[in-house]
Amino acid sequence: MSDETIIPEGVAPSDDVLFSEEELETGRVFFAQPVSFMMGAVRMDTMPAPDLPEVAFAGRSNVGKSSLINGLVGQKYLARASNEPGRTREINFFLLAEKIRLVDLPGYGFARVSRSIADKFQDLGRAYLRGRANLKRVYVLIDARHGLKKVDLEALDALDVAAVSYQIVLTKADKIKPHEVDKVVADTIKAIAKRPAAFPRVLATSSEKGLGLPELRAEIIRVCSDL
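Computed from a prediction, not measured in an experiment: that's the story for all the values here.

A. Highlighting the overall build of the protein. In terms of regular secondary structure, the protein is built from eight helices and seven strands. Per-residue burial over the protein gives 52% buried out of 227 residues. Residue pairs at least 24 apart in sequence account for 77% of intrachain contacts in the protein once pairs closer than 6 positions are excluded.

Structure representation (structure tokens):
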């Protein structure tokens, strides 16, 4: 994807300021464009052609993946949570503005799932991570109330091995106090500091309150524009 596909002329990212007002507005406008469910894939050979940039969302069951995806695009029912967490085995693809795909990976770490996270990443999820040259970044969702757990660290290990760029996104940040959010962010940054594939910025979000969603939209546009 070329820069002009999404980024308006004159808007440039800066690490000194998290996101400019122009970037935040660009994200708002872009994510307000039409979005639709494309398909759910259970095998690599049934996935869409790797002809558009993709960003994927991963996380423990019940972490709020569906709510986050819905919040980003301003819809309530685009992505749907399973009635029984841990049961989803498909990789779901959503097409945004005919230009990028949002990819919902199966949840992990739910007690009723018999296979370990290592086994899960060896099958469809791992095949996807290693086999999609158009995958720009994986957003790993972590519940802000609990921080990184052992099962999350195992998932990060798999991403490091696959050499896939990933970024931590804290969910449900409205459920704890602001100073507690700051601590979780700081602790998470410290925990991933030496991980080779980890992007060194952690975003705190709340799908319910809209906290952090403008920044996450801007982050996605940056990475999909190869900035």
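Having seen the structure, we can now continue with the description.
B. A look at the sheet that holds strand β2 (residues 54-59). With mixed pairing, seven strands are arranged side by side in an open sheet as β1-β3-β4-β2-β5-β6-β7. The open sheet has two edge strands, β1 (35-41) and β7 (203-204), and neither has a second partner. Note that strand β3 (residues 91-96) and strand β4 (residues 100-104) share five bridges and pair antiparallel. Across the sheet, the residue bridging to L96 is I100, located in β4. Running over the sheet, helix α3 (residues 65-73) touches β1, β2, β4, β5 (135-143) and β6 (166-171) and is turned about 145° from β2. The sheet strands contacting helix α7 (residues 178-192) are β6 and β7, and the helix crosses β6 at an angle near 160°.

C. Spotlight on the packing of aromatic side chains. As enumerated under the stated definition, the model contains four aromatic pairs in all. Relative to F31, the ring of F30 lies with its centre 5.8 Å away and its plane at 80°, an arrangement referred to as edge-to-face. When the ring of F93 is compared with that of Y128, the centres are 6.3 Å apart and the planes differ by 70°; the resulting orientation is edge-to-face. Of this pair, F93 sits in strand β3 while Y128 sits in helix α5 (residues 124-131); the two residues are 35 residues apart in sequence, bridging distant segments of the chain.

D. Region of the structure containing the pairing of β3. Taken across its six residues, β3 has six buried, putting it largely inside the fold. Inspection of the sheet shows β1 paired to β3 by six bridges, in the antiparallel sense. The residue of β3 that forms the bridge with S36 is L95. What sits between β3 and β4 in their antiparallel hairpin is a turn of three residues, with A97 showing a positive phi close to 55°.

Reading the values: the criteria
Every chain's residues receive numbers from 1 upward, in the order its sequence appears when written. At least 70 in pLDDT is required for a residue's local features to be given in this predicted model, at least 80 for side-chain atom pairs to be given and counted, and no such filter applies to totals for whole chains, interfaces and linings, which use all residues. Derived side-chain values reflect all non-hydrogen atoms in the structure, with water molecules and hydrogen atoms excluded from consideration. The helix and strand labels rest on DSSP assignments: H or I over at least four residues marks a helix, E over at least two residues marks a strand, and numbering proceeds from the N terminus. Here's how the labels work: a residue is buried when its accessible area is under 20% of the maximum for its type, exposed when over 50%, partly exposed in between, all with a 1.4 Å probe on protein chains only. Contacts are residue-level and defined by heavy atoms, with any inter-residue pair within 4.5 Å sufficient. A strand pair is defined by DSSP finding two or more bridges across the two strands. Helix axes are fitted to C-alpha atoms over the stretch in contact, other axes to C-alpha atoms as well, and angles between N-to-C directions run from 0 to 180 degrees. By convention, a stacked pair of Phe, Tyr or Trp rings (six-membered ring in the case of Trp) has centres within 6.5 Å and planes under 30 degrees apart, an edge-to-face pair has planes over 60 apart, and any other such pair is tilted.

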